[in-house]
Amino acid sequence: MVPHLTTALSGPLLSLETRMLQDMPKIEHWFRSQWLEYASPFYASVDLRNSGFKLAPVDTNLFPGGFNNLNPEFLSLSVQAAQVAVEKICPEAHRLMIIPENHTRNTYYLRNVVELVNIMKAAGLDVRIGSISPDITEPTILEAHDGQKLLLEPVVRVANRIKLINPELGDFDSCAILLNNDLSGGIPDILKNLEQDLIPPLHAGWHVRRKSTHFEAYNRVVAEFSKLLDIDEWLLNPYFETCGEIDFHARTGEECLAAKVEELLAKIRTKYAEYGVTQEPFVIVKADAGTYGMGIMTVKSPDDVRDLNRKARNKMSVIKEGQQVSEVIIQEGVYTFENINDAVAEPVVYMMDHFVIGGFYRVHTERGANENLNAPGSHFVPLAFEKPCTLPDCAGAPDTVPNRFYAYGVVARLALLAAAIELQETDPLN
């Protein structure tokens, strides 16, 4: 279930959140029925934005890289969820190989890998880290930013399996491979056509996956959920459009982009008028594939995407692994009115299997309430859990501390369910 949290907004609870508390048994029953039909992703993180009038996911990551930012006091939640997740995919597993990203110089990311290893070991698995980076040609000890060490060993392909061959530690052949590498640059040959279980599956990588496909699935999920609660689905769902065949360097596709921006802003203005929202509407234009906060800009007018200067075009044209951007998603911008020490913040919720295991605030001291916070200069504040980690206090007042974050867990799980549907429908074996 969704843990209780000790941090809370000072403002009154949204009527939407109150409705969720009132309908908690109905909501949990609905989720249980959904998980009978769809297989949950192994793990995921969801970026949320809470504007006070709207609570919506803006991104869902199927290769989460911030386990080091979760509250260590509640490691047990992650361990229990990991045990359930592993049992579903490979119940006989006693060895697990983790394949991380190739960027070994990011010492904060390395600390995430350390934490992931700790969780999987505590779940009862023998865990080693296999690297597919061309820079790792022999067993290599790396150090995270806080001094914690981890051993990376080069992955070796033997027939249709990958293994670790180490004379000192012994060879390592695992039933399952946990990818913490989002495959932005494509599938390396060494991972193709393996007989071992790859989790998440290869088609969850950004070489295939599209944000627009995810949010199309989310549209369906939130439509059904909103009907269940008899609420306006817009309160949980950011509008979006897509624009393909765009080339920021050659300046082709700009008019398509400007037209989609204008269309989306008009739809948002209509909703703002309906709900008496006085803020200025905006949209976020970002690469339809990719992560790490690259290839993103805030737009308030169609003119903002016409005649971009060279610096802006360069920023938008390339994402992780040097991949060129040719498709973008134009997503309704959702203000965030949450603050930590006067800095703008947004909650990021982490899940394993279909359980919420924790989260953190992404905080940026130099960004505004309408800007992308996943950018250099951001830092993280763990969401502190309040004991016991059970259900919300439905008998308590809506502003009872544990109740504030129940809605966050609900919306994050809606996005998780959308990811489950997305993976099922894009599975090449289906």
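The structure this text deals with has already been given above.
Residues numbered from 1 in each chain as written. Predicted model: local features only at pLDDT ≥ 70, side-chain atom pairs only at ≥ 80, totals over all residues. Heavy atoms only, no water.

1. A closer look at unusual backbone geometry
Logical step 1: For the bond from Ile199 to Pro200, the omega torsion is -10 degrees, close enough to zero to count as cis.
Logical step 2: Phi is positive for Asp230, which is not a glycine, with a value near 60 degrees.
Logical step 3: Structurally, Asp230 is set in the loop between helix H5 (211–229) and strand S12 (240–243).
Logical step 4: Despite not being glycine, Asp353 shows a phi value in the positive range, around 55 degrees.
Logical step 5: With relative accessibility at 3%, the residue Asp353 sits in the buried group. (Helix = DSSP H or I, 4+ residues; strand = E, 2+ residues; numbered from the N terminus. Buried < 20%, exposed > 50% of the residue type's maximum accessible area, 1.4 Å probe, protein only.)

2. Observations regarding helix H2 (residues 24–37)
Along an α-helix, residues three or four positions apart point the same way, because every turn accommodates 3.6 residues.
Logical step 1: In this model, H2 (14 residues) spans 20 Å end to end at C-alpha, consistent with the 20 Å of a helix rising 1.5 Å per residue.
Logical step 2: Taken as a whole, H2 has its buried residues at Met24, Ile27, Glu28, Trp30, Phe31, Gln34 and Trp35. Around the axis of H2, the buried residues are gathered within 160 degrees of arc, so they sit on the same side. Those residues of H2 that are exposed and aimed more than 90 degrees away from the buried face are Pro25, His29, Arg32, Leu36 and Glu37.
Logical step 3: Elements in contact with the buried residues of H2: helix H1 (15–22), H5 and helix H8 (406–426). (Expected span 1.5 Å × (residues − 1). Arc of directions from axis to C-beta. Contact = heavy atoms within 4.5 Å.)

3. Some remarks on helix H6 (residues 254–275)
Logical step 1: Here H6 is 22 residues long and its end C-alpha atoms lie 32 Å apart, about the 32 Å a rise of 1.5 Å per residue gives.
Logical step 2: Here H6 has its buried residues at Glu254, Leu257, Ala258, Val261, Leu264, Leu265, Ile268, Lys271 and Tyr272. Along the axis of H6, the buried positions cluster into a sector of 150 degrees, meaning they face one direction only. Opposite its buried face, H6 presents the exposed residues Glu255, Thr270, Ala273 and Glu274, each directed more than 90 degrees away.
Logical step 3: Of the surrounding secondary structure, the elements contacted by the buried residues of H6 are S12, strand S13 (283–287), strand S14 (296–299) and strand S15 (328–332).
Logical step 4: In the stretch just after H6, Gly276 is the one whose phi turns positive, near 70 degrees.

4. Describing the state of the cysteines
Logical step 1: For the structure on display, the rule yields 1 disulfide.
Logical step 2: Put simply, Cys243 and Cys256 are joined by a disulfide, and their sulfur atoms are 2.2 Å apart. Here Cys243, found in strand S12, pairs with Cys256, found in helix H6; they are 13 residues apart in sequence, far enough to count as distant. (Disulfide = S-S within 2.5 Å.)

5. Thoughts on the side chain of Ser184
Logical step 1: In this fold, Ser184 is placed in the loop between strand S10 (176–180) and strand S11 (197–199).
Logical step 2: Here Asp182 takes part through its side chain, which lies 2.7 Å from a polar atom of the side chain of Ser184. (Polar contact = N/O pair within 3.5 Å; in protein donor to acceptor, adjacent residues only side chain to side chain.)

6. Brief notes about the side chain of Asn112
Logical step 1: Relative to the helices and strands, Asn112 resides in helix H4 (residues 107–122).
Logical step 2: Of the residues examined, Asn112 reaches a relative accessible area of 0% and is grouped as buried.
Logical step 3: Here Asn180 takes part through its side chain, which lies 3.1 Å from a polar atom of the side chain of Asn112.
Logical step 4: Not counting chain neighbours up to four residues away, the residues in contact with Asn112 comprise Pro64, Gly65, Gly66, Phe67, Asn68 and Asn180.

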